[in-house]
Amino acid sequence: MKGRYSIDIDIVAASPSRTAKRRVQRAMPDYPKMKKPDVKLVILGDMNVGKTSLLHRYTERKFKDTISTVGGAFYLKQWGPYNISIWDTAGREQFHGLGSLYCRGAAAVILTYDVTNWQSLAELEDRFLSLTDTANSDCIFAIVGNKSDLTDTKALVMESEEEQEANDEDERKEGVPRAFASPTAQPAIRKQVYREDAMALYNRILRYKLLDEKASLPAERMCFETSAKTGYNVDLLFETLFDMVLPTMLRRKSASDSPTVDLEDGDGVKRTKAGCCA
Ligand SMILES: Nc1nc2c(ncn2[C@@H]2O[C@H](COP(=O)(O)OP(=O)(O)O)[C@@H](O)[C@H]2O)c(=O)[nH]1
Ligand SMILES: [Mg+2]
């Protein structure tokens, strides 16, 4: 039956003398076929810096003041012919901590802090960086200062007309004007973390990872300031990273298409068919 799954169940009768077998065919509901991700991106950072809001803004084009992280911990984005999985923490950074599995095999890590909170940048280095040891050896790092609508006038303007309209719609429903939507509104809070601080952290990460600064992507390209609230730089962040992980995906694809398996795997270690280090 097209579009439906069916399962065959063998029923064995209770009496041992007469083992009757009956075939029962059960119709199962339609399930969409799960797409296999080609690459993994993860979002890391302290509780409340706006990780879930960034993902929500990118995927839903919306911002909500209260948004539950619990639930949607994994988002699949089709990018050209590829499927990119983006992992959110599902609130575990707050309650249970994040295990080493979270970053395993990641091609890119988005280290997120809040521009109004110096401690949130410090936490990236103190608590979160070590979790990235299980990411791919060629993993790309982006450092993202979110909530810049609170500190920078340029981040106050809604990113696109489409987002402005969605915001106006929300305003109408809530009956409360949102100050941030106006281009003349003033930022509310003093900035505690500047982009230079994030760039200095980026360069320390390269040293921690024993990567050559000159051969790596430069800090200016990998440090972003965003606002999940207005959409400022959010598309730029995700789509820059998607483009950057394309070579990883292509290498993976050609490795899996290849009849002999001796290409570099995610660890950057050459392996022969037998799985020994070459
Ligand atoms: N002003 C402002 N608030 C934000 C922004 N992003 C998130 N928030 C707020 O910060 C709080 C925490 O956001 P959330 O996405 O749950 O953070 P997470 O714990 O890192 O996932 C929520 O109250 C959000 O409404 C932003 O860009 N600007
Ligand atoms: Mg969250």
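Just above, that's the structure.
None of these values were measured; they are calculated from a predicted model.

Conventions adopted
Residues numbered from 1 in each chain as written. Chains lettered and ligands numbered in written order. Predicted model: local features only at pLDDT ≥ 70, side-chain atom pairs only at ≥ 80, totals over all residues. Pairing = 2+ DSSP bridges. Helix = DSSP H or I, 4+ residues; strand = E, 2+ residues; numbered from the N terminus. Near = placed C-beta within 6 Å. Nonpolar A, V, L, I, M, F, W, Y, C, P; charged D, E, K, R; others polar. Axes fitted to C-alpha atoms, helices over the stretch in contact; angles between N-to-C directions. Contact = placed C-beta atoms within 7 Å. Buried ≥ 20, exposed ≤ 12 C-beta atoms within 10 Å, placed from the backbone. Core = buried A, V, L, I, M, F, W, Y, C linked by C-beta atoms within 7 Å. Expected span 1.5 Å × (residues − 1). Arc of directions from axis to C-beta. Parallel < 35°, antiparallel > 145°, perpendicular 65-115°, else oblique.

Undergrad: Could you clarify how one ought to interpret the pairing of strand β4 (residues 74-79) in this entry?
TA: Consecutive side chains of a regular strand alternate in pointing toward one face of the sheet and then the other. Bridge count for β4 against strand β5 (residues 82-87) is 6 bridges, and the pairing is antiparallel. Considered in β5, the bridge of tryptophan 79 is made with tyrosine 82. Between the antiparallel neighbours β4 and β5 lie 2 residues, among them glycine 80 with a positive phi of about 60 degrees.

Undergrad: Whenever I open this one, the site of ligand 1 confuses me. Can you help?
TA: Neighbouring residues of ligand 1: 18 residues in total, closest Gly50, Lys51, Thr52, Ser53 and Lys229. Looking at side-chain class alone, the shell around ligand 1 contains 5 nonpolar, 8 polar and 5 charged residues.

Undergrad: Any chance you could explain the sheet that holds strand β7 (residues 140-146) here in plain terms?
TA: Pairing between the strands of a sheet is mediated by backbone hydrogen bonds and can be parallel or antiparallel. Judged by pairing direction, the sheet is mixed, and its 6 strands sit side by side in the order β4-β5-β3-β6-β7-β8 without closing on themselves. Looking along the sheet, the strands with just one partner apiece sit at the ends: β4 and β8 (223-225). Strand after strand, the sheet turns through a mean of 25 degrees between neighbouring axes, direction not considered. Pairing between strand β3 (residues 39-45) and strand β6 (residues 108-114): 5 bridges, direction parallel. Paired with glycine 45 across the strands is threonine 112, a residue of β6. Of the strands in this sheet, β3, β4, β5, β6 and β7 are in contact with helix α1 (residues 51-60), which crosses β3 at around 135 degrees.

Undergrad: It is not clear to me how α1 should be interpreted in this structure. Could you clarify?
TA: Residues spaced three or four apart along an α-helix face the same direction, because each turn holds 3.6 residues. Counting buried positions along α1 yields 7 of 10 residues, so the element is predominantly enclosed. What α1 keeps buried is the set Lys51, Thr52, Ser53, Leu54, Leu55, His56 and Arg57. Arginine 61 occupies a position one or two residues after α1 and carries a positive phi of about 60 degrees.

Undergrad: What is the right way to read the nonpolar core from this model?
TA: For soluble globular proteins, the rule of thumb is that nonpolar side chains tend to be buried together. The biggest cluster of nonpolar side chains holds 53 residues, and the ones touching the most others in it are Leu41, Ala108, Val109, Leu111, Phe141, Ala142 and Ile143. Of all the elements, helix α7 (residues 234-257) adds the most residues to this core, at 6 residues. What alanine 142 contacts, discounting residues up to four positions off in sequence, is Ala108, Ile110, Leu111, Met222, Phe224, Leu237 and Leu241.

Undergrad: Explain helix α5 (residues 195-208) to me, please; I cannot follow it from the model alone.
TA: The end-to-end C-alpha distance of α5 is 20 Å, a good match for the 20 Å that 14 residues give at a rise of 1.5 Å each. Within the sequence span of α5, burial applies to Ala198, Leu201, Tyr202 and Ile205. When α5 is viewed along its axis, its buried side chains cluster within an angular range of 105 degrees and face the same direction. What points out from α5, more than 90 degrees from its buried face, is the exposed set Glu196, Arg204 and Arg207. Looking one or two places after α5, you find leucine 210, whose phi comes out positive at around 60 degrees.

Undergrad: Honestly, unusual backbone geometry in this entry has me stumped. Any pointers?
TA: A negative phi angle is the norm for most residues apart from glycine, just as the trans form is the norm for most peptide bonds. A positive phi angle, close to 80 degrees, is found at asparagine 48, a residue other than glycine. Tracing the backbone through its elements, the reader meets asparagine 48 in the loop between β3 and α1. One non-glycine residue, arginine 61, lies in the positive phi region at around 60 degrees. Position of arginine 61 among the secondary structure elements: in the loop between α1 and β4.

Undergrad: Explain the packing of helix α3 (residues 118-128) against α5 here, please?
TA: The relative placement of two packed helices is expressed as an angle between their axes plus a distance between the axes. At a minimum axis separation of 11 Å, α3 and α5 run at an interaxial angle of 5 degrees. Judged on the interaxial angle alone, α5 and α3 are roughly parallel. Across the interface between the two elements, Leu121, Leu124 and Glu125 from α3 touch Asp197, Ala198, Leu201 and Arg204 from α5.

Undergrad: Is there a simple way to explain the environment of tyrosine 102 in this structure?
TA: If you trace the backbone, tyrosine 102 turns up in the loop between α2 (92-95) and β6. Overall, the presence of 23 C-beta atoms within 10 Å leaves tyrosine 102 in the buried class. Sequence spacing of tyrosine 102 and threonine 134 is 32 residues, and the spatial spacing of their C-alpha atoms is 8.5 Å.

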